[in-house]
Amino acid sequence: QSALTQPPSASGSPGQSVTISCTATSSDVGGYNYVSWYQQRPGKAPKLLIYEVNKRPSGVPDRFSGSKSANTASLTVSGLQAEDEADYHCNSYAGGNSWVFGGGTKLTVL
Amino acid sequence: EVQLVESGGGLVQPGGSLRLSCAASGFTVSDNYMTWVRQAPGKGLEWVSVLYRGGGTYYADSVKGRFTISRDNSKNTLFLQMDSLRPEDTALYFCARGTSGRFFDYWGQGSLVTVSP
């Protein structure tokens, strides 16, 4: 199973925008529109933020948005708030009844 | 309200076995596909296994042949039987509900498994 590569860290000041990338080593991400993003606060379970590349579940602020181009998916957090400080994980269906996650990105709000 | 509660984790020696449980409420496990995801200390998430509505099961290469996913419909509970455990299986194990869109919409709080002599 291939991997999804995320930057280990990202940061921004309150009010700014930050984009986290998620790049596939093969066509896992590019071949499917089944990319999802999860937010994980310390000691907590992951929480669904974005699904099917750019859709938000009810209750997720529209400050969070997703996109995809070729083999790279991206999560953008606009209007950063202190409560956005967390780990963010990308995920893609990889075919063959399997899924793959990225290594996670720690977002720091300065 | 949808809830998932894992249990059964603990300390086990290499080569040993453990069975994790994931008790669901607010929905029917057999009407959905369910998955296990793990997170080693300080690391990212790793997909482990899936159980489909129709009973089909699939595993990550790292656990294939050692782990078995199953469910008890009468108890609305998902299980993960883990045999021949290795130190690299040490992780927090989450169960999650899958959707037709190939994402996981509800997650449990996790059950910690430590494999050490």
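Note that the coordinates shown come from a computational prediction; the quantities given were computed from them, not determined experimentally.

Enquirer: Just give me the short version of the overall build of chain B, but keep the residues and values in it.
Expert: Scanning chain B from terminus to terminus reveals 0 helices and 11 strands. Written out in order from the N terminus, the α and β elements of chain B read β-β-β-β-β-β-β-β-β-β-β. Projected onto its principal axes, the C-alpha positions of chain B cover 40 × 25 × 25 Å. Counting across all 117 residues of chain B, residues that qualify as buried make up 52%. Carbon and sulfur atoms form 46% of the exposed surface of chain B, whose accessible area is close to 5100 Å².

Enquirer: Break down the overall build of chain A for me, with residues and values.
Expert: For chain A, the count of helices and strands is 1 helix and 10 strands. Reading the secondary structure of chain A in the N-to-C direction produces β-β-β-α-β-β-β-β-β-β-β. In terms of C-alpha radius of gyration, chain A reaches 13 Å, essentially the compact-globule figure of 13 Å for 110 residues. By the burial criterion, 47% of the 110 residues in chain A qualify as buried. A fraction of 56% describes how many contacts in chain A between residues 6 or more apart in sequence connect residues 24 or more apart.

Enquirer: Could you give an account of the environment of Val18(A), naming the residues involved and the relevant values?
Expert: Tracing the backbone through its elements, the reader meets Val18(A) in strand E3 (residues 18-24). Measuring from C-alpha to C-alpha, the distance between Val18(A) and Leu107(A) comes to 8.8 Å, with 89 residues separating the pair along the chain.

Enquirer: Residue-level account of the sheet that holds strand E1 (residues 3-7) of chain B, with values.
Expert: All names here are of chain B. Read across the open sheet, the 4 strands follow the order E1-E3-E8-E7; overall the sheet is antiparallel. The sheet is open, and its two borders are formed by E1 and strand E7 (67-72), each paired with just one other strand. Within the sheet, the average angular offset between the axes of one strand and its neighbour, ignoring direction, is 20°. Here E1 pairs with strand E3 (residues 18-25) via 5 bridges, running antiparallel. When the sheet's bridge partners are listed, glutamate 6 is paired in E3 with cysteine 22.

Enquirer: I'd like a description of the interface of chain A and chain B, backed by residues and values.
Expert: Taken together, the 22 residues of chain A in the interface contact 23 residues of chain B. On the chain A side of the interface with chain B, the three residues burying the most area are Asn97(A), Trp99(A) and Phe101(A), jointly 36% of the side's total. Along the contact surface separating chain A from chain B lie 0 salt bridges. Among the secondary structure elements, those contributing two or more residues to the side of chain A that touches chain B are strand E4 (35-40), strand E8 (86-95) and strand E9 (98-101) of chain A. Looking at the side of chain A that touches chain B residue by residue, the class counts come to 9 nonpolar, 11 polar and 2 charged.

Enquirer: Describe unusual backbone geometry, with residues and values.
Expert: Residues and elements named next belong to chain A. The phi angle at valine 53 is positive, at roughly 75°, despite the residue not being glycine. By secondary structure assignment, the location of valine 53 is in the loop between strand E5 (47-50) and strand E6 (64-69). For valine 53, a relative accessible area of 8% puts it in the buried group. In the Ramachandran plot, alanine 70 falls in the positive-phi region, its phi being about 55° despite a non-glycine side chain. Mapped onto the elements, alanine 70 comes out in the loop between E6 and strand E7 (72-77).

Enquirer: Which residues make up the pattern of salt bridges, and what values go with them?
Expert: All names here are of chain B. Per the counting criterion, the structure on display carries 7 salt bridges over all chains. In this structure, the salt-bridge partner of aspartate 89 is arginine 38, at a minimum N-O distance of 2.9 Å. Here arginine 38 lies in strand E4 (residues 34-39) and aspartate 89 lies in the loop between strand E8 (77-82) and strand E9 (91-98), a separation of 51 residues in the sequence. With respect to class, aspartate 89 is no different from arginine 38; both count as buried. Aspartate 89 is the salt-bridge partner of arginine 66, the closest N and O atoms lying 2.7 Å from each other. With arginine 66 in the loop between strand E6 (57-59) and E7 and aspartate 89 in the loop between E8 and E9, the pair connects residues that are 23 residues apart, well separated along the chain. You can call arginine 66 buried: its relative accessible area is 7%.

Enquirer: Describe the sheet that holds E6(A), listing the residues and the values that go with them.
Expert: Strand order in this open sheet of 4 strands is E1-E3-E7-E6 (chain A), and the pairing throughout is antiparallel. The two strands at the open ends of the sheet, each matched to only one other strand, are strand E1 (4-5) and E6 of chain A.

Enquirer: Requested: an account of the nonpolar core, with residues and values cited.
Expert: Core analysis: the largest hydrophobic core is formed by 26 residues, its most contacted members being Trp36(B), Phe67(B), Leu78(B), Leu80(B), Met82(B) and Tyr93(B). Elements with a contribution of two residues or more to this core: E3, E4, strand E5 (45-51), E7, E8, E9 and strand E11 (111-115) of chain B. Element by element, the count of residues in this core is highest for E3(B), at 4 residues. Formed by 23 residues, the second largest nonpolar core is a distinct cluster that contains Leu4(A), Val60(A), Ala73(A) and Leu75(A).

Here is what the cut-offs are and how they apply
- Residues numbered from 1 in each chain as written.
- Chains lettered and ligands numbered in written order.
- Predicted model: local features only at pLDDT ≥ 70, side-chain atom pairs only at ≥ 80, totals over all residues.
- Heavy atoms only, no water.
- Helix = DSSP H or I, 4+ residues; strand = E, 2+ residues; numbered from the N terminus.
- Buried < 20%, exposed > 50% of the residue type's maximum accessible area, 1.4 Å probe, protein only.
- Areas by Shrake-Rupley, 256 points an atom, 1.4 Å probe, with all protein chains shown as cover.
- Rg over C-alpha atoms; globule rule 2.2 N^0.38 Å.
- Contact = heavy atoms within 4.5 Å.
- Pairing = 2+ DSSP bridges.
- Axes fitted to C-alpha atoms, helices over the stretch in contact; angles between N-to-C directions.
- Buried area = accessible area lost by both parts, 1.4 Å probe.
- Salt bridge = Lys/Arg side-chain N within 4 Å of Asp/Glu carboxyl O.
- Nonpolar A, V, L, I, M, F, W, Y, C, P; charged D, E, K, R; others polar.
- Core = buried A, V, L, I, M, F, W, Y, C linked by side-chain atoms within 4.5 Å.

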